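# Structural description and commentary
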Amino acid sequence: MRRAMRAYSYLAATVVAALLTAAAAVPASAATTSVLTTGDADGGAIAVGDVLQATLKSGTNASLATASGGSTGVTCSTSSFGATVDSNPATPGTATETTTDQTFGGCTSNVFGTTGVKSVTVNNLPYVTSVDSGTGAVRVTGGSAGPIQTTLVLNSLLGTITCVYQADGNALTGTASNADFSLTFVNQKFTKVSGSGVCAANGFFTATYAPVQDTSVAGTPGVFVN
């Protein structure tokens, strides 16, 4: 009987040890993690309905250049956006948001024939936004209100002119970075759909927003993309 009990105890201990070894071998990344979390990968999952907001990264401007990578165009010293989280699945996956507002201020123009900027207005909001896990790729597309569109009202030598631009393919693509909780757009092409000859034929949008924060959470932590 004692021998049987010893054998049973040995078998039980072996099974427990094997289970512990297997558990230790499972990488931390195997734990369920949402695409969007606050602070870092181990932070809490961002809840559906939370509001995300950001302004331009300190020391940077937003620009709509007349050529890709160019220095001629409209430059704005302030800009902000706000979005509401619609879905935040486990990784790997794609989180979705509704971009509800985007503003620009402190804008100037060095386009030939213009003498200043009266306003820069983003039209047809809200937009649909997706964020992919792993790559941090962000895609913004126009929604039911219409295509992604921006209206520039400029002062010119001929008086006030209005230039209307729409995003090529009705989409903008950007990249989220966990290093500074930023969202960057580089040379996203817009095409003029109306306006005088003073308006440039194209505009290339570049801006970096940071930090992107969850304003629905105490302390407004940065948004981490897993």
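Refer to the structure printed above.
Now for a look at the structure at hand. (Residues numbered from 1 in each chain as written. Predicted model: local features only at pLDDT ≥ 70, side-chain atom pairs only at ≥ 80, totals over all residues. Heavy atoms only, no water.)

### Considering the state of the cysteines
According to the stated counting rule, one finds two disulfides in the structure shown. Each disulfide pairs two cysteine sulfurs, and for cysteine 76 the partner residue is cysteine 107, the sulfurs being separated by 2.0 Å. As the torsion about the S-S bond is roughly 105°, the cysteine 76-cysteine 107 disulfide counts as right-handed. With a gap of 31 residues between them, cysteine 76 in strand β4 (residues 73–87) and cysteine 107 in strand β5 (residues 94–109) connect regions that are remote in the sequence. Judged by its relative accessible area of 3%, cysteine 76 falls in the buried class. (Disulfide = S-S within 2.5 Å. Helix = DSSP H or I, 4+ residues; strand = E, 2+ residues; numbered from the N terminus. Buried < 20%, exposed > 50% of the residue type's maximum accessible area, 1.4 Å probe, protein only.)

### Structural notes on empty space enclosed by the protein
Taking a probe equal in size to a water molecule and rolling it over the atoms shows the remaining empty space. This model, assessed by the stated rule, comprises two cavities of 30 Å³ or more. If you add up the space inside the largest cavity, you get close to 470 Å³. Partitioning the lining of the largest cavity into residue classes produces 26 nonpolar, nine polar and one charged. By volume, the second largest cavity amounts to about 90 Å³. Lining the second largest cavity we find 16 residues, and of these Val74, Val111, Leu152, Tyr165 and Ala200 sit closest to its centre. (1 Å grid on protein atoms, 1.4 Å probe; cavity = no way out; pocket = protein on both sides within 12 Å on 5 of 7 lines; lining within 4 Å. Points joined across faces, edges and corners; volume = space filled by probe spheres on them. Nonpolar A, V, L, I, M, F, W, Y, C, P; charged D, E, K, R; others polar.)

### A word on the environment of asparagine 187
By the element assignment, asparagine 187 lies in strand β12 (residues 182–194). The class for asparagine 187 is partly exposed, based on a relative accessible area of 26%. With 17 residues separating them in the primary sequence, asparagine 187 and phenylalanine 204 have C-alpha atoms 4.6 Å apart. The residues contacting asparagine 187, other than those within four sequence positions of it, are Ser68, Gly69, Phe204, Phe205 and Thr206. A polar atom in the side chain of asparagine 187 sits 2.9 Å from the backbone nitrogen of glycine 69. (Contact = heavy atoms within 4.5 Å. Polar contact = N/O pair within 3.5 Å; in protein donor to acceptor, adjacent residues only side chain to side chain.)

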